[in-house]
Amino acid sequence: MEVTWWGHATCTVEDSGVRVLTDPLFVRRLAHLRRRRGALPPPEAALADLVLISHLHSDHLHVPSLARLAPGTRLVVPRGATRSVPALRRLTELRVMEVGAGDEVKAGPVVVRAVPAAHDGRRLPVGPRRSPALGYVIQGSVRTYFAGDTGLFDGMAAAVGQVEVALLPVGGWGPYLGHGHLDAGRAAQALAALGPRAAVPVHYGTYWPIGLDAVRPHEFHAPGGEFVRLAARAAPGVAVHLLDHGECVRPGESW
């Protein structure tokens, strides 16, 4: 089993011969955000058997990035996404499936289960219709939890279940994190509750608002390292892998 972090919340999880891609974002600029660190993912990053979308925010459900997927790719989105994001309907070459928490999708020997997340599920900045924000547990040779965007919530560990690897967001794309997010400290608390054997911090140090380079720059650079430090205190038995953009790890090798 191998995890590659391409930046932000975009990861490839390869397990049992199946490639699962999360929240693909393959652009240098998105509205007021620009990619400040890490090269753009190479074309092979878009190769996947299954693509998982955690929620409808445009840095997680980015239609132009989804258009780069190969025809026939299976795309899993939160229930109601095609109604809330009409542009999804133009991706006619993709096989789109809507799911809610508890639903399962199979891809060869791998089973993906959608789990709850505590995050705003609307398509912003407008969009009164709500879709559930989700995380996913990818079960192949190991169980890998991709949290998407979420805050801590009661029953989180029970909803996710037993996992060996956790891909946890530890930052954001601006100087302040609002409700429904994990920062490094809250991610360390989640790690202690979930009790995996290994973790990879994601969703930090990639995109930042244009013109705000000098505003709280530690919120861009520091979350990954801060998570490593706090996780060692909160969950000392968990191996934390701090990856560079485009770097991969085989977490089982550290067990």
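That block above? That's the structure.
This structure is a prediction, so every number in the text was calculated from the model and none was measured.

Caption draft 1: Layout of the overall build of the chain. What the chain contains, in helices and strands, is 6 helices and 17 strands. At 17 Å, the chain has a C-alpha radius of gyration in line with the 18 Å of a compact globule built from 255 residues. Projected onto the principal axes, the alpha-carbon positions of the chain cover approximately 45 × 45 × 35 Å. A total of 255 residues make up the chain; the buried ones form 53% of that total. Of all intrachain contacts in the chain linking residues separated by at least 6 positions in sequence, the fraction that spans at least 24 positions is 65%. On the chain, roughly 10,600 Å² of surface is accessible, and the fraction owed to carbon and sulfur atoms is 52%.

Caption draft 2: Looking closely at the packing of helix α4 (residues 184-194) against helix α6 (residues 223-234). Where α4 meets α6, the closest approach of the two axes is 8 Å, and the angle between their N-to-C directions is 40 degrees. The orientation of α4 with respect to α6, classified from their angle, is oblique. Note that α4 runs across α6; the crossing there is right-handed. Touching A184, G185, A187, A188, L191 and A192 of α4 are P223, E226, F227, L230, A231 and A234, all from α6.

Caption draft 3: Spotlight on α6. For α6, with 12 residues, the first-to-last C-alpha span of 16 Å sits near the 16 Å given by 1.5 Å per residue. Taken together, the buried positions of α6 are P223, G224, F227, L230 and A231. End-on view of α6: buried residues confined to an arc of 130 degrees, all on one side of the axis. Projecting away from the buried face of α6 at angles above 90 degrees are the exposed residues A232 and R233. Lining the buried residues of α6 we find β13 (165-169), α4, β14 (198-202), α5 (218-221) and β16 (239-240).

Caption draft 4: Representation of the sheet that holds β14 in the model. Taken together, the 7 strands give an open sheet; going across it, the order is β9-β10-β11-β12-β13-β14-β16, and neighbouring strands pair in mixed fashion. In this open sheet, the two strands that pair with only one neighbour each are β9 (104-107) and β16. For strand β12 (residues 143-146) and β13, the ladder comprises 3 bridges, and the chain directions are parallel. Note on β13: the bridge partner recorded for F146 is L167. Seen against the sheet, α4 touches β12, β13, β14 and β16 and runs at an angle of roughly 160 degrees to β13.

Caption draft 5: Up close: the side chain of S65. With respect to the helices, strands and loops of the structure, S65 is situated in helix α1 (residues 63-66). Since its relative accessible area comes to 0%, S65 is described here as buried. Among the polar contacts listed, one links the side chain of S65 to the side chain of H62, at a separation of 2.7 Å. Filtering out sequence-adjacent residues up to four positions away, S65 remains in contact with P24, L25, F26 and V27.

Caption draft 6: Broad picture of the pairing of β14. With 5 of its 5 residues buried, β14 lies for the most part within the structure. Burial along β14 is two-sided: A198, V200 and V202 facing one way and A199 and P201 facing the other are all buried. Relative to β14, β13 is paired through 5 bridges, and the arrangement is parallel. Across the sheet, the residue bridging to P169 is V202, located in β14.

Caption draft 7: Quick look at the packing of aromatic side chains. All chains considered together, the criterion is met by 2 aromatic pairs. Between the aromatic rings of W5 and Y204, the centroid separation amounts to 5.3 Å while the plane-to-plane angle is 15 degrees, which identifies the pairing as stacked. On the criterion of sequence distance, the pair formed by W5 in strand β1 (residues 2-7) and Y204 in the loop between β14 and β15 (207-209) is long-range, its members being 199 residues apart. In terms of burial, W5 and Y204 fall into one category: buried. With a centroid separation of 5.5 Å and 75 degrees between ring planes, the pair formed by W208 and F220 is classed as edge-to-face. Of this pair, W208 sits in strand β15 while F220 sits in helix α5; the two residues are 12 residues apart in sequence, bridging distant segments of the chain. Here the two residues W208 and F220 agree in accessibility, since each one is buried. Stacked on the ring of F220, the Lys or Arg R36 has its end atom at 4.5 Å from the ring centre.

What counts, and where the lines are drawn
- Residues numbered from 1 in each chain as written.
- Predicted model: local features only at pLDDT ≥ 70, side-chain atom pairs only at ≥ 80, totals over all residues.
- Heavy atoms only, no water.
- Helix = DSSP H or I, 4+ residues; strand = E, 2+ residues; numbered from the N terminus.
- Rg over C-alpha atoms; globule rule 2.2 N^0.38 Å.
- Buried < 20%, exposed > 50% of the residue type's maximum accessible area, 1.4 Å probe, protein only.
- Contact = heavy atoms within 4.5 Å.
- Areas by Shrake-Rupley, 256 points an atom, 1.4 Å probe, with all protein chains shown as cover.
- Axes fitted to C-alpha atoms, helices over the stretch in contact; angles between N-to-C directions.
- Parallel < 35°, antiparallel > 145°, perpendicular 65-115°, else oblique.
- Left-handed = near helix turned anticlockwise from the far one by under 90°.
- Expected span 1.5 Å × (residues − 1).
- Arc of directions from axis to C-beta.
- Pairing = 2+ DSSP bridges.
- Polar contact = N/O pair within 3.5 Å; in protein donor to acceptor, adjacent residues only side chain to side chain.
- Phe/Tyr/Trp six-rings, centres within 6.5 Å; stacked < 30°, edge-to-face > 60°.
- Lys NZ or Arg CZ within 6 Å of the ring centre and 35° of its normal.

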